[in-house]
Amino acid sequence: MAKPKVFVTQIIPEAGLSMVRDVCDADIWPGELPPPRDYVLDRVRGVDGILSLLTTKMDSVVMDAAGAGLKVISNYAVGFDNIDIPEATKRGIPVGHTPGVLTDTTADFAFTLLMAAARRVVEGDNYTRAGKWKTWGPSLLLGQDVYGATLGLIGFGRIGKGMAKRATGFDMKILYHDDYVPADDPFAAEIGARAVDLNTLLRESDFVSIHTPLLPETHHLIDAAALAKMKSTAILINSARGPLIDPAALYAALKNGGIAYAGLDVTEPEPIPMDSPLLTLDNIIIAPHIASASVVTRNQMAVIAANNLIAGLTGERLPHCANPQVYGK
Ligand code: DGY
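Residues numbered from 1 in each chain as written. Predicted model: local features only at pLDDT ≥ 70, side-chain atom pairs only at ≥ 80, totals over all residues. Heavy atoms only, no water.

Concerning helix α5 (residues 103-118)
Here comes step 1: Taking 1.5 Å per residue, 16 residues should reach 22 Å; α5 reaches 22 Å between its end C-alpha atoms and fits that length.
Here comes step 2: Burial analysis of α5 places 12 of its 16 residues in the buried class, the great majority of the element.
Here comes step 3: Of the positions making up α5, those classed as buried are Thr103, Thr105, Thr106, Ala107, Phe109, Ala110, Phe111, Leu113, Leu114, Ala116, Ala117 and Ala118.
Here comes step 4: Positive backbone phi, approximately 55 degrees, marks Arg120, located one or two places after α5. (Helix = DSSP H or I, 4+ residues; strand = E, 2+ residues; numbered from the N terminus. Expected span 1.5 Å × (residues − 1). Buried < 20%, exposed > 50% of the residue type's maximum accessible area, 1.4 Å probe, protein only.)

Put into structure tokens, the structure is as follows:
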């Protein structure tokens, strides 16, 4: 029997890719950069499944190009804002994603950004390499204490809670805002985290860390008005999705002392354009979307993405489905 045809939009770790190759006739884009749109539209024609990365849009045009035989889209990411979920659901196409395995790796990195911003680690390294380190100085690169400070978590799902768990080790006071997590959440109670409205969180937090998905209603959630509510000493961390923050408003707040510092793993757009004004500032750290980038985690994501793809091709329920409504009640 002929193997199902799939298009893989970029190379993923061999742990998952070998599983795909074993059971599929796999067309894999070999480039380091995402495939051009026209190439995608051409190569998805007639496929049974697509394994996508967050760098490639999966919208109705791609689904139309694939045709009625498209049985599954498996995204190699926990987030799926690159995929038109309502459109996939309307067509009965299950969409896979990779939750769980990257929670701790991502929370580790978000906390790393928080620490690095608070203690100006990147500035310190640049200072040393530039040959500016002449003596110990009482006011050299003064930062902010993390221990005992207030951490505000926008989004208290898996990664937000992972961040909170780490913060307890630094005796931080924890506030959270999440419309889907009740104020009597057992984990929140266990660690003494307090549910608050967004304005209170922005006003009271020394560190604000974002862990909410990108949806139409969360686009530019942190805009000029939100930044104006934050303390002038506050540090903003984003390891979720770039468009949750308005970059122009962030630049103005960092430049004019509205807030003290930012640590970003994600930007709008990605990659950040080299002429972005944010790159002219010293009080920001910008990493290239690497929060889940550990060897173990990326391998596990590949296995999950492959399992989702294979399940969809064989008509089984995806182990990790972003639109379970395709299966009805
Ligand atoms: C995701 O999975 O959504 C991250 O952004 C990349 O791991």
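Comments concerning the side chain of Asn308
Here comes step 1: Structurally, Asn308 is set in helix α12 (residues 295-313).
Here comes step 2: Residue Asn308 is classed as buried on the basis of its relative accessible area, which comes to 0%.
Here comes step 3: Ignoring sequence-local partners within four residues, the contact set of Asn308 consists of Val72, Ser74, Gly96, His97, Leu318, Pro319 and His320. (Contact = heavy atoms within 4.5 Å.)

Observations concerning the site of the ligand
Here comes step 1: Taken together, Leu54, Ala77, Val78, Gly79, Leu102, Arg241, His289, Ser292 and Met301 make up the full set of residues near the ligand.
Here comes step 2: Arg241 places a polar side-chain atom, nitrogen or oxygen, 2.7 Å from an oxygen atom of the ligand.
Here comes step 3: Protein coverage of the free-state accessible area of the ligand, which is 230 Å², stands at 88%. (Near = heavy atom within 4 Å. Polar contact = N/O pair within 3.5 Å; in protein donor to acceptor, adjacent residues only side chain to side chain. Areas by Shrake-Rupley, 256 points an atom, 1.4 Å probe, with all protein chains shown as cover.)

Notes on helix α7 (residues 158-168)
Here comes step 1: Within α7, the full set of buried residues consists of Ile159, Gly160, Gly162, Met163, Ala164, Arg166 and Ala167.
Here comes step 2: Against α5, β6 (150-154), β7 (173-177), α8 (186-191) and β9 (207-210) lie the buried residues of α7.

Some details on the pattern of salt bridges
Here comes step 1: Evaluation of the coordinates by the stated rule reveals 15 salt bridges.
Here comes step 2: Asp59 is paired through a salt bridge with Arg37; the nearest N and O atoms lie 2.9 Å apart. Of this pair, Asp59 sits in the loop between β3 (49-52) and α3 (60-66) while Arg37 sits in helix α2 (residues 37-43), and the two are 22 residues apart along the sequence.
Here comes step 3: Note on Asp59: relative accessible area 16%, which makes it buried.
Here comes step 4: Overlapping salt bridges bring together Asp64, Glu87, Lys90 and Arg91 as one network. (Salt bridge = Lys/Arg side-chain N within 4 Å of Asp/Glu carboxyl O.)

Some points on the packing of α5 against α7
Here comes step 1: Axis separation between α5 and α7 bottoms out at 8 Å; the angle between their running directions is 55 degrees. Our classification of the angle between α5 and α7 gives oblique. As α5 packs across α7, the resulting crossing turns out to be right-handed. Contact with α5, carried on its side by Thr103, Asp104, Thr106, Ala107, Asp108, Ala110, Phe111 and Leu114, involves Arg158, Ile159, Gly162, Met163, Lys165, Arg166 and Ala167 of α7 and no other residues of that element.
Here comes step 2: Across the contact of α5 with α7, the residue classes tally to seven nonpolar, three polar and five charged. (Axes fitted to C-alpha atoms, helices over the stretch in contact; angles between N-to-C directions. Parallel < 35°, antiparallel > 145°, perpendicular 65-115°, else oblique. Left-handed = near helix turned anticlockwise from the far one by under 90°. Nonpolar A, V, L, I, M, F, W, Y, C, P; charged D, E, K, R; others polar.)

With respect to the domain arrangement of the protein chain
Here comes step 1: If you check the domain split of the protein chain, you get domain 1 (5-99 + 295-328) and domain 2 (103-286).
Here comes step 2: Measuring from the centre of the C-alpha atoms in domain 1 to the corresponding centre in domain 2 gives 31 Å.
Here comes step 3: Of the residues lining the interface, five residues belong to domain 1; the matching set on domain 2 comes to four residues.
Here comes step 4: Between domain 1 and domain 2, the buried area comes to about 450 Å², and carbon and sulfur atoms account for 48% of it.
Here comes step 5: For domain 1, the biggest contributors to the area lost against domain 2 are Asp81, Pro99 and Thr297; these three give 71% of the whole.
Here comes step 6: Viewed at the interface, domain 2 and domain 1 are joined by one salt bridge. (Domains from an automatic or database assignment. Buried area = accessible area lost by both parts, 1.4 Å probe.)

Things to note about the sheet that holds β6
Here comes step 1: Spatially, seven strands are ordered β8-β7-β6-β9-β10-β11-β12 in an open sheet, and the strand pairing comes out parallel. Each edge of the open sheet is held by one strand with a lone partner, namely β8 (194-195) and β12 (284-286).
Here comes step 2: Bridging between β9 and strand β10 (residues 235-238) involves four bridges; their strand directions are parallel. Bridge pairing links Phe207 to Ile235 in β10.
Here comes step 3: Its contacts with the sheet place α7 against β6, β7 and β9, and it is angled at close to 170 degrees to β6. (Pairing = 2+ DSSP bridges.)

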